[in-house]
Amino acid sequence: MMDPQTNEAMLRPDGIRAGRGADAGTMKLLIRVAQLLFVNGETTEGAHRTVERLGESLCTPVILTARWGDIRVQPDACTFGAQIPADPTAVDIGRVNATECLVDDIRLQRVTRDDAEQALDAISRMPPVSLLRFAVMAAAGAAALSVIFGAAHMSTIVLVAVSAGLGACARRGVSHLSRSPFLQPFVASLLAGAIVSLASVLHDPAPLHLLAACPCMVLVPGPHFLNGAIDLVRARIALGAARILFASLIVVAISAGLLIGLSISAARFAPTDAVAAVPLLYDVCAAGIAVAAYGVFFNMPWRMLALPIGIGMAAHALRWEMIDFGASAPLAAFAVCALVGCCMAPLSRRLRVPFGASSFAAVVSLIPGIFMFQTAADALSLIGHGSASAAVLTEIARNVVTASLILTAMTAGLIVPKMTFDYFATPARSFRRQERQPS
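Computed from a prediction, not measured in an experiment: that's the story for all the values here.

Moving on, we come to the overall build of the protein. Counting its secondary structure elements, the protein contains 18 helices and 5 strands. Expressed as a percentage of the 439 residues in the protein, the buried residues total 52%. When the accessible surface of the protein is totalled, it reaches about 19,000 Å², and 65% of it is carbon and sulfur.

Below, the structure is given as structure tokens:
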């Protein structure tokens, strides 16, 4: 039996369903804009706002309905529209920015519809960051994280940088062999674990937990966690849960690869090595490097990096001062993320960049990766023992609670300013239309 939705819509050869009676050219333009924004890391709310503005400028008010796997754009108060497959698994600030700028040009009638379609084709073909730039910035970002986490010797920083750089090259190579979003982080973390095993065999004095965690920290899909949390708060339960599950599976792949790599020489992920206290100047400068590295990962144009770098450095200065005065890690994380959220909420809209990717870059070092990886390592160690000691179970519970509290504090600190800004900056008609949006 034919799907009833197919009876209501014409299935076009390009895979887009355009409803009968609608302007097919306009609907195609709108759905392609929505697709480019949605699959490249823009928040659902941001994609909805941009498509709505574009539809109004083209005299076709529309509603965007996004799910994991497809998006649908339909004329206001209609039950049919345009639908196209879309999996929000990528983060590309450059593509989102180019799409947003093109929408502004269309609304101001600086480009025709034919030119707009050609521009969308060009945006969809924008190449990723070059391999050399990707590897160098991955190495720099991981090295900066090792400094923030207390690496005291240059040999440790160099080993972390080499591990992350090789991991970036491995990720790019795997991307040409498989489109699986989980294989790339698995291979990179496996390589990081193997390098730790080699360092353990050679009795290298570098703290093994930093050598293992920092290259893997650059793999954590923070923007997906943040976008999923925003969807959940806005009651888009299915989409938000799908985003969170996708990001969680990537973390599982990272942990699995790291632990398999560590098992080569029976090396243990045990953050018990003494690390030096990080001076404020080193912490702030390393934070700026980490922000720049993540901006490059997400293909942020160079001209836009200065402001996020400044915000990230200011946020780390605040965190350093709070920790120095005795604040807990969750409280410091909340305060830092609130500062970043207040700055990035208006700035991301001004720069036409996705909020999740741009704000995560400024707070990446707050992600409790060491606690997460330690929990996975302790849980794996239980498999080889008939019974678990109370100390191991207590350690697992402590790490889980600590990581959960920090992640919750970070999420709240970023989301509350973002939603407050959206509430006051979004016209009232948009909220009325969202209330009529189908689930």
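A separate point is the layout of surface pockets. Size it by volume and the largest pocket reaches roughly 1,400 Å³. Residue lining of the largest pocket: 38 residues in total, with Thr89, Ala90, Val91, Arg171 and Gln184 positioned closest to the centre. For the lining of the largest pocket, the secondary structure elements donating two or more residues are helix 2 (24-39), strand 5 (82-86), helix 7 (154-175), helix 8 (183-201), helix 10 (222-233), helix 11 (237-262) and helix 12 (280-297). For the lining of the largest pocket, a count of residues per class yields 21 nonpolar, 11 polar and 6 charged.

Take the nonpolar core next. A general tendency of soluble globular proteins is for nonpolar side chains to be buried together. Core analysis: the largest hydrophobic core is formed by 89 residues, its most contacted members being Phe297, Val340 and Val363. Considering each element in turn, this core owes the most residues, 11 residues, to helix 6 (residues 131-148). Sequence-distant contacts of Phe297, defined by excluding residues within four places in its chain, comprise Phe134, Met137, Ala138 and Val218. Counting 29 residues, the second-largest nonpolar core is a separate cluster that includes Leu29, Val51, Ala82 and Ala116.

Closest axis-to-axis distance for the helix 12/helix 13 (residues 306-324) pair is 8 Å, and the angle between their directions is 145°. Note that helix 12 runs across helix 13; the crossing there is right-handed. Here Leu280, Asp283, Val284, Cys285, Ala287, Gly288, Val291 and Ala292 of helix 12 lie close against helix 13, whose contacting residues are Pro308, Ile309, Gly312, Met313, His316, Ala317, Trp320 and Glu321. For the contact of helix 12 with helix 13, the residue count by class is 11 nonpolar, 3 polar and 2 charged.

This part is about unusual backbone geometry. Positive phi is not limited to glycine here, since Ala235 has a value of about 70°. Positive phi values are uncommon outside glycine, yet Asn299 reaches one of about 60°. Among the structural elements, Asn299 can be located in the loop between helix 12 and helix 13. For Asn299, a relative accessible area of 13% corresponds to the buried category.

Further remarks concern the pairing of strand 5. Within strand 5, 4 of the 5 residues are buried, which leaves the element mostly enclosed by the surrounding structure. Sheet topology places strand 4 (residues 69-75) next to strand 5; 5 bridges connect them, and they run antiparallel. Of the residues in strand 5, the one forming a bridge with Val73 is Ala82.

In this section: empty space enclosed by the protein. All told, the structure shown has 2 cavities of 30 Å³ or more when counted by the stated rule. Volume-wise, the largest cavity comes out at about 60 Å³. Elements supplying a minimum of two residues to the lining of the largest cavity: helix 7, helix 8 and helix 9 (208-217). The biggest single contributor to the lining of the largest cavity is helix 7, with 4 residues.

Here we come to the confidence of the model for the protein. Mean pLDDT for the protein: 83, with 86% of residues reaching 70 or above. Taken as a whole, residues 428-439 scores under 50 in pLDDT and shows 22 contacts with residues more than four places along the chain or in a different chain.

The next subject is the packing of aromatic side chains. Per the stated rule, a full pass over the model turns up 7 aromatic pairs. Judged by centre distance (5.7 Å) and plane angle (50°), the rings of Phe182 and Phe246 are tilted. Placement of the pair is Phe182 in the loop between helix 7 and helix 8 and Phe246 in helix 11, with a sequence separation of 64 residues. The rings of Phe134, Tyr294, Phe297, Phe298 and Phe360 are connected pair by pair, giving a single aromatic cluster. Between the NZ or CZ atom of Arg172 and the centre of the ring of Phe134, over which it lies, the distance is 4.9 Å.

Looking now at helix 10. Taking 1.5 Å of rise per residue, the 12 residues of helix 10 would be expected to cover 16 Å, and the 17 Å separating its terminal C-alpha atoms lies within 8% of that figure. The element helix 10 is extensively covered by neighbouring structure, given that 9 of its 12 residues are classed as buried. Taken together, the buried positions of helix 10 are occupied by Gly222, Pro223, His224, Leu226, Asn227, Gly228, Ala229, Ile230 and Asp231. The elements touched by buried residues of helix 10 are helix 3 (44-57), helix 11, helix 15 (355-363) and helix 17 (390-425). Just past helix 10, the residue Ala235 takes up positive phi, approximately 70°.

Attention now moves to the pattern of salt bridges. Scanning all chains against the criterion turns up 13 salt bridges. We note a salt bridge from Asp231 to Arg243, for which the minimum N-O separation is 2.7 Å. Separated by 12 residues along the polypeptide, Asp231 in helix 10 and Arg243 in helix 11 bring together distant segments of the chain. Given the relative accessible area of 1%, Asp231 is considered buried. With a shortest N-O distance of 3.3 Å, Arg234 and Asp422 are connected by a salt bridge. Note that Arg234 is positioned in the loop between helix 10 and helix 11 and Asp422 in helix 17, a separation of 188 residues in sequence. With relative accessibility at 22%, the residue Arg234 sits in the partly exposed group. Classification of Asp422 as buried rests on a relative accessible area of 3%. Ionic contacts of the salt-bridge type, sharing partners, join the residues Glu45, Asp231, Arg234, Arg236, Arg243, Arg349, Lys418 and Asp422 into one network.

Scoring rules and cut-offs
Residues numbered from 1 in each chain as written. Predicted model: local features only at pLDDT ≥ 70, side-chain atom pairs only at ≥ 80, totals over all residues. Heavy atoms only, no water. Helix = DSSP H or I, 4+ residues; strand = E, 2+ residues; numbered from the N terminus. Buried < 20%, exposed > 50% of the residue type's maximum accessible area, 1.4 Å probe, protein only. Areas by Shrake-Rupley, 256 points an atom, 1.4 Å probe, with all protein chains shown as cover. 1 Å grid on protein atoms, 1.4 Å probe; cavity = no way out; pocket = protein on both sides within 12 Å on 5 of 7 lines; lining within 4 Å. Points joined across faces, edges and corners; volume = space filled by probe spheres on them. Nonpolar A, V, L, I, M, F, W, Y, C, P; charged D, E, K, R; others polar. Core = buried A, V, L, I, M, F, W, Y, C linked by side-chain atoms within 4.5 Å. Contact = heavy atoms within 4.5 Å. Axes fitted to C-alpha atoms, helices over the stretch in contact; angles between N-to-C directions. Left-handed = near helix turned anticlockwise from the far one by under 90°. Pairing = 2+ DSSP bridges. pLDDT = per-residue confidence, 0-100. Phe/Tyr/Trp six-rings, centres within 6.5 Å; stacked < 30°, edge-to-face > 60°. Lys NZ or Arg CZ within 6 Å of the ring centre and 35° of its normal. Expected span 1.5 Å × (residues − 1). Salt bridge = Lys/Arg side-chain N within 4 Å of Asp/Glu carboxyl O.

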